[in-house]
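In case you want the letters, here they are:
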Number of protein chains: 2
Amino acid sequence: MEEHRHVTIYDIAEKLNLAASTISRALKDHHSISDKTIKKVKQTAKEMGFVPNTLAAGLRGNVTKTIGILIPTVTQPFLSSLISGIEIAAQKSDYSVIIMQSHDSYQMEVDLAKSLYSNRVSGVICSLAMETRDTSHFKQFSNNNIPLVFVDRVPKDYDTFRVVINNYLAGYKATKHLIEQGCKRIAHLTAVSEFGNLYNERKRGYIDALIEHDIPVQDNLIISLKEMTYEAGVKACNQLFDLKTAPDGLFAPGDILAVSAVQTAKKRGIKVPDQFAVIGFNNDPISEIIEPNISTITHPAEKMGKAAAELIIKNLKSVKEEDAKEITFLNTQVLIRESSRKI
Amino acid sequence: MEEHRHVTIYDIAEKLNLAASTISRALKDHHSISDKTIKKVKQTAKEMGFVPNTLAAGLRGNVTKTIGILIPTVTQPFLSSLISGIEIAAQKSDYSVIIMQSHDSYQMEVDLAKSLYSNRVSGVICSLAMETRDTSHFKQFSNNNIPLVFVDRVPKDYDTFRVVINNYLAGYKATKHLIEQGCKRIAHLTAVSEFGNLYNERKRGYIDALIEHDIPVQDNLIISLKEMTYEAGVKACNQLFDLKTAPDGLFAPGDILAVSAVQTAKKRGIKVPDQFAVIGFNNDPISEIIEPNISTITHPAEKMGKAAAELIIKNLKSVKEEDAKEITFLNTQVLIRESSRKI
DNA sequence: TCATATTAGACAACCGATTGTGTAAAGAAA
DNA sequence: TTTCTTTACACAATCGGTTGTCTAATATGA
């Protein structure tokens, strides 16, 4: 096998008897290079199979056109949709995307943040690890004018971009929907002690909706879970159904939990939605396929990714201090399906 | 806001009155540097918040410790699991992962391959786009000793690493299972004209299992789909159920199709599995949750990712020509659930 | 005609880590 | 004491694209 050397602008320069700087400028249509030369250079570059070395460009210009993504995992549907959105927006502006998974570990997140910085990414999009309480490892980005956008699971107190939905409002809307369907005893699952305020916000919305409709808030109808898994959902629902006065509705802050609720109800002979109406969150693919279909809150995951990426790309062009605290809210919608449609 | 400059080895050198080369060597425990100096350098580096610039290192050494992933989309469960596996293996060896989505477009794939090359990735893991027929855009990797691993959707004729399952055997096993459950008229869905041989292989396994058990292969029980979507599955199944002699079993080469089959059957009052047994493929999360649970072929997606990443990392250490055609087969298993369990 | 503007392109420094080569000093072996 | 080895570190080239500065030539305007 021949040992190919990467073709460089110097190779092109030599072949055409021009200076390397001229090649560099010609390739990006610099005004000081004649059309004739530009055409010739581009033609030769193509023939020789020239591919620019982004490392060299990045080193020199300190611009890598790379967006770093730091998220708990790529397998969660919401997050893979988020990636997809980021990726599409990035591709449009000729940015690359580099992805790292914290697996919800704080230490991993710290290490990976360093690795992203080491790679001199142009910007970072992050959804925090469950474990994360301290966010000082993100200072390296802020301190070096690397735009940082938090998405979905965002820190309370960090002064940077955020792209989120209004979780309070979404929780309120979901609960209100159940009330409108005639539910009187609405249960709620939530996450135990969370740093990001996402589940707390949903819970606040739930509570306010109840209060607003003169429905008492009952502690035994609110269950805090350590993990938002199918199994945890089944366990919690059984606990709910074992109550003397079992609930007739449930707002689950995730579709997997809603699925577990629907199936647990079915197993116990409880009719969904007539005896027990359920609404989930996220509009995961499964919510649409399971029977009965599950009502849910749509979460524009791809759009969020797109918005986050665009914030970074836009921000790189014109850094304005006053932008720094910008929060982008994206709309949620109640998607009514069979699991909660009683009327 | 202060304009921080990135801390470099030169900054450390200046502070300690040492040469930059000494700093560089000290940081990687080079034997020619005294322990005392090493300790001092590392200490100071930490204090000053030094983070190595991987661009500079990559440019100089032509090694980036980055694995490029080029796949149709990240949102498909199989592929996001694959990524997860790659990522875990990469992290272990201190590699970064850079992901690009072809969205099943050939042109995108060509462009993104170039972009990966431009980023001087150390290796590439690829699952081909549906559209791809020609694979010459991968030559740039092979020609430059950049290890290339195809996963799952692999080209027939490209001389490089592959990590795949034995699709023929999996198809055979799935079909045999249905036969053992007493099915006499087993239908099969497949993809229309595919470049990668994955669906064709599964079909071959299906056919051979039938032949081996003296069951006639009937063309009207084999339907080729353009897209492997839920809707396409529903349509195909309705077509099957409309036959004079409808099938009593189905081997679907994907779980989404299996789900659509089960639900279509239920809608038409056909009992699953008694009148119609179904087996899918991939063990997507949904197969476990839907009712009835769907029997499926487990596909070790994360393991495949891990294997692919390890091939690259290992190969980078010792490039041997004779390795070049290595094919890694990973095991599949028949996972029997309710949708096909008759006896 | 002279001064200014524009066009064309060369030269060289630069980004930051790496590494081959060189040198000086201290210790070990002869 | 001399030679060899080891230790400890400095110097400078290198990777490849970018960009400020400079020279020269042609074109435009006063």
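Presented here is an overview of the structure given in this document. These figures come from a predicted structure and were not determined experimentally. Residues take numbers from 1 onward in each chain, read along the sequence in its written order. The naming scheme follows written order: chains are lettered A onward, ligands numbered 1 onward. Local features in this predicted model are restricted to residues whose pLDDT is 70 or higher, and side-chain atom pairs enter the listing and the counts only when it is 80 or higher, whereas totals over whole chains, interfaces and linings include all residues. As a convention, hydrogens and water are excluded, and side-chain values are obtained from all of the structure's heavy atoms.

1. Here's the deal with the relation of the copies chain B and chain A
Turning chain B through 180° and shifting it by 0.0 Å along the axis lays it on chain A, with an RMSD of 0.2 Å. Expressed as an axis order, the relation between the two copies is that of a two-fold axis. Of every C-alpha in chain B, the one belonging to Ile 98 of chain B sits nearest the axis of rotation, 2.2 Å from it. Contacts are residue-level and defined by heavy atoms, with any inter-residue pair within 4.5 Å sufficient. Mapped onto chain A, 100% of the interface residues of chain B are again interface residues, and the two copies thus contact each other with one and the same surface. Residues reaching a pLDDT of at least 70 in both copies supply the C-alpha atoms on which the copies are superposed by least squares.

2. Topic: the interface of chain B and chain A
Much of the literature gives interface size as the accessible area that the parts lose upon coming together. Counting residues at the interface gives 56 residues for chain B, matched by 56 residues for chain A. Two parts lose some accessible area (1.4 Å probe) when they are put together, and adding that loss for both gives the buried area. Summed over both sides, the interface of chain B with chain A buries roughly 5,000 Å², with 53% coming from carbon and sulfur. The three residues of chain B that bury the most area against chain A are His 6, Leu 55 and Ile 289 of chain B, which together make up 14% of that side's buried surface. Take a side-chain nitrogen of Lys or Arg and a carboxyl oxygen of Asp or Glu: if they are within 4 Å of each other, that pair is a salt bridge. Counting across the interface, chain B meets chain A through two salt bridges. Lys 266 of chain B is the partner of Glu 291 of chain A in a salt bridge, and the nearest nitrogen-oxygen pair spans 3.0 Å. Counted as a polar contact is a pair of N or O atoms within 3.5 Å, where, for protein atoms, one must be capable of donating a hydrogen and the other of accepting one, and residues adjacent in sequence contribute only when both atoms are in side chains. Linking chain B to chain A there are 22 residue pairs in polar contact (both at pLDDT 80 or more). Numbering goes from the N terminus for both helices and strands, where a helix is a DSSP run of H or I of at least four residues and a strand is a run of E of at least two. Of all elements in the fold, only α4 (54-61), α5 (77-92), β2 (96-101), α6 (106-118), α7 (139-142), α11 (255-267) and α12 (285-289) of chain B reach the threshold of two or more residues within the side of chain B that touches chain A. Here the element with the most residues in the side of chain B that touches chain A is α5 of chain B; it accounts for seven residues. As a working rule, the residues Ala, Val, Leu, Ile, Met, Phe, Trp, Tyr, Cys and Pro are called nonpolar, Asp, Glu, Lys and Arg charged, and the rest polar, with Gly in that last group. Across the side of chain B that touches chain A, the residue classes tally to 22 nonpolar, 24 polar and ten charged.

3. Re the sheet that holds strand β7 (residues 222-225) of chain A
Residues and elements named next belong to chain A. Two strands pair under a simple rule: DSSP has to find at least two bridges between them. The strand order across the open sheet built from four strands is β7-β6-β8-β9, with neighbouring strands paired in parallel fashion. Each edge of the sheet is formed by a strand with only one pairing partner; in this case those strands are β7 and β9 (277-279). If you compare each strand with its neighbour and ignore which way they point, the axes differ by 20° on average. Of the strand pairs in this sheet, strand β8 (residues 249-251) and β9 are connected by three bridges, and their pairing is parallel. The partner of Phe 251 across the bridge, within β9, is Ile 279. Note on definitions: angles span 0 to 180 degrees between N-to-C directions of axes, and those axes are lines fitted to C-alpha atoms, for helices only across the stretch in contact. Along the sheet face, helix α9 (residues 198-212) touches β6 (186-191), β7 and β8 and points at about 160° away from the line of β6. In this fold helix α10 (residues 230-241) packs onto β6, β7 and β8, with an angle of close to 155° to the strand it touches most, β7.

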